[in-house]
2 protein chains.
Amino acid sequence: MASTPPAASSPRTRLLREPQRAVYDRDQVYRILDEAFLCHVGFTVDGQPFVIPTSFGRADDLLYIHGSAASRMLRHLDQGIPVCVEVTILDGLVMARSIFNHSMNYRSVVLLGTATMVTDPGEKLEALRLLSEHIMPGRWDDVRSPNEKEMKATSVFRLPITEFSAKVSSGPPEDNEEDYSFPCWAGVVPIHEIAAAPTTDPRTPVVTDPPNYATHYKRGKRAEQ
Amino acid sequence: MASTPPAASSPRTRLLREPQRAVYDRDQVYRILDEAFLCHVGFTVDGQPFVIPTSFGRADDLLYIHGSAASRMLRHLDQGIPVCVEVTILDGLVMARSIFNHSMNYRSVVLLGTATMVTDPGEKLEALRLLSEHIMPGRWDDVRSPNEKEMKATSVFRLPITEFSAKVSSGPPEDNEEDYSFPCWAGVVPIHEIAAAPTTDPRTPVVTDPPNYATHYKRGKRAEQ
């Protein structure tokens, strides 16, 4: 994991619209990535862009995605084509006085680059562990590890977090001065992604309590890895 | 709003992996679209794919997105380039006995096509209303409508829902037969996106109670429009 400059942007990732919401700080970008469940991977085949949702993991300045070795997306990525990884966390619905100033509070990251297949068995296993820990910290140690056949059936790709930007929108609505007297309520409806009580698989042979990491599942404001 | 065939797929949107999870039914695709807050728009510029999150609205078989007339994304879409719109709703974290069979329950839609700028003023205003109603039903009637300057500053694009597929994954984990005796808990942690109590903008001149649509905000299983 080579060290990289503390922040990065390029003309391709620099925000033109609403530049006051732009974030090029690496730690803040990591916090957004670490809190999001899913990323959205964009790639182009025969001129047609595709966007596929998938889970991911992070180790320092590397982002890992995985999938079936037979996956159409991963077979395309293996050709070294440019990709875009986008992550968005929705935080609130912003209700202004004018319809025009309605918006959302959110944190998003856009990351450009080229993904490379991970061939080193040690890095591949560690990447799978990071992918698992990203979704459910603590789970990896409790379950059956991947066997050789499963490792072969899985491809892992690595994308360096080098060319990126983030956009953060927060706070109350911003209305035109003359609209503040408009006679309607204004404010924010906060949106949270929450975990409900776990449902146990009916095929569990003995009654087993769900582990703490499942009953007390929570994301966000996680300590840096 | 011309009528279209009840379902559509193409070699480009047909699911190769896990075809049992494929959905090409138009009504089910509409329900997923109508429940999701955001879509992720993929487009390609100089060979580089970009993926941008944005809100959207739907009228029958048309999907509408909007943004600033100065938006980089919309200026590119205006050149008639191919786009991909992806929508994903995460429903649960699926904890199996083997790490290999861990997965997520989700509903996702991938839609391919070309977007066209809406120039008819009536369709444009109606599209903006649909975009607003998609996020907060009832809000449009309570707030100041867009004026001429705001309409000019806003671009709206229309994408026909013609070439699409959806993928739905639900239910308990599916483990290999020999793994069901593995001594760990297995099941699903349901994930929900919920609205918390609204926070009123401090700049509201008179104390106003938040409207019912904000205090009782709920998505999902919405009636068809």
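Coordinates for the structure precede this section.
None of the values given here were measured: they were computed from a predicted structure.

Some thoughts on the overall build of chain A
Moving on, step 1. From N to C terminus, chain A includes five helices and 12 strands.
Moving on, step 2. When the backbone C-alpha atoms are referred to their principal axes, chain A occupies close to 65 × 50 × 35 Å.
Moving on, step 3. Considering chain A as a whole, with its 225 residues, one finds that 38% of them fall into the buried category.
Moving on, step 4. For chain A, restricting intrachain contacts to residue pairs at least 6 apart in sequence, the fraction spanning at least 24 positions comes to 75%.

Topic: the environment of glutamine 48 of chain A
Moving on, step 1. Among the structural elements, glutamine 48 of chain A can be located in strand 3 (residues 48-55).
Moving on, step 2. Separated by 94 residues in the primary sequence, glutamine 48 of chain A and aspartate 142 of chain A have C-alpha atoms spaced 42 Å apart.
Moving on, step 3. Those residues in contact with glutamine 48 of chain A, other than ones at most four positions away along the chain, are Arg12, Pro82 and Leu112 of chain B.

Some thoughts on the relation of the copies chain A and chain B
Moving on, step 1. Least-squares fitting of chain A to chain B yields an RMSD of 0.0 Å, with the transformation described by 0.0 Å of translation along the axis and a rotation of 180 degrees. In symmetry terms, the pair is related by a two-fold rotation axis. Of the C-alpha atoms belonging to chain A, the one lying closest to the rotation axis is found on glutamate 193 of chain A, 2.1 Å away.
Moving on, step 2. A high fraction, 100%, of the interface residues of chain A reappear at the interface in chain B, so the copies pair face to face through one surface.

Some thoughts on the pairing of strand 5 (residues 62-68) of chain B
All names here are of chain B.
Moving on, step 1. Most of strand 5 is tucked away: six of the seven residues are buried.
Moving on, step 2. As paired strands, strand 4 (residues 57-59) and strand 5 are joined by three bridges and run antiparallel to one another. Bridged to alanine 59 within strand 5 is leucine 62.
Moving on, step 3. Where strand 4 folds back onto strand 5 in an antiparallel hairpin, the turn is made up of two residues, including aspartate 60, whose phi is positive at roughly 55 degrees.
Moving on, step 4. Pairing geometry for strand 5 and strand 9 (residues 154-160), over seven bridges, is antiparallel. The residue of strand 9 that forms the bridge with glycine 67 is serine 155.

Here's the deal with the sheet that holds strand 5 (residues 62-68) of chain A
Residue and element names in this part refer to chain A.
Moving on, step 1. Strand order in the open sheet formed by four strands is 4-5-9-8, with antiparallel pairing between adjacent strands. The open sheet has two free edges, formed respectively by strand 4 (57-59) and strand 8 (116-117), since each of these has just one partner strand.
Moving on, step 2. As paired elements, strand 8 and strand 9 (residues 154-160) share two bridges and run antiparallel to each other. If you follow methionine 117 over to strand 9, its bridge partner there is phenylalanine 157.
Moving on, step 3. Of the strands in this sheet, strand 4, strand 5 and strand 9 are in contact with helix 3 (residues 121-135), which crosses strand 4 at around 120 degrees.

So, the nonpolar core
Note that soluble globular proteins tend to have their nonpolar side chains buried in a common cluster.
Moving on, step 1. Residues Tyr64 and Leu111 of chain A together with Tyr64 and Leu111 of chain B are the most contacted members of the largest nonpolar core, which totals 107 residues.
Moving on, step 2. In contact with tyrosine 64 of chain A, not counting residues within four places along its chain, are Phe56, Gly57, Ala127, Leu130, Leu131, Val156, Phe157 and Arg158 of chain A.

Rules of the game
- Residues numbered from 1 in each chain as written.
- Chains lettered and ligands numbered in written order.
- Predicted model: local features only at pLDDT ≥ 70, side-chain atom pairs only at ≥ 80, totals over all residues.
- Helix = DSSP H or I, 4+ residues; strand = E, 2+ residues; numbered from the N terminus.
- Buried ≥ 20, exposed ≤ 12 C-beta atoms within 10 Å, placed from the backbone.
- Contact = placed C-beta atoms within 7 Å.
- Least-squares fit on C-alpha atoms with pLDDT ≥ 70 in both.
- Pairing = 2+ DSSP bridges.
- Axes fitted to C-alpha atoms, helices over the stretch in contact; angles between N-to-C directions.
- Core = buried A, V, L, I, M, F, W, Y, C linked by C-beta atoms within 7 Å.

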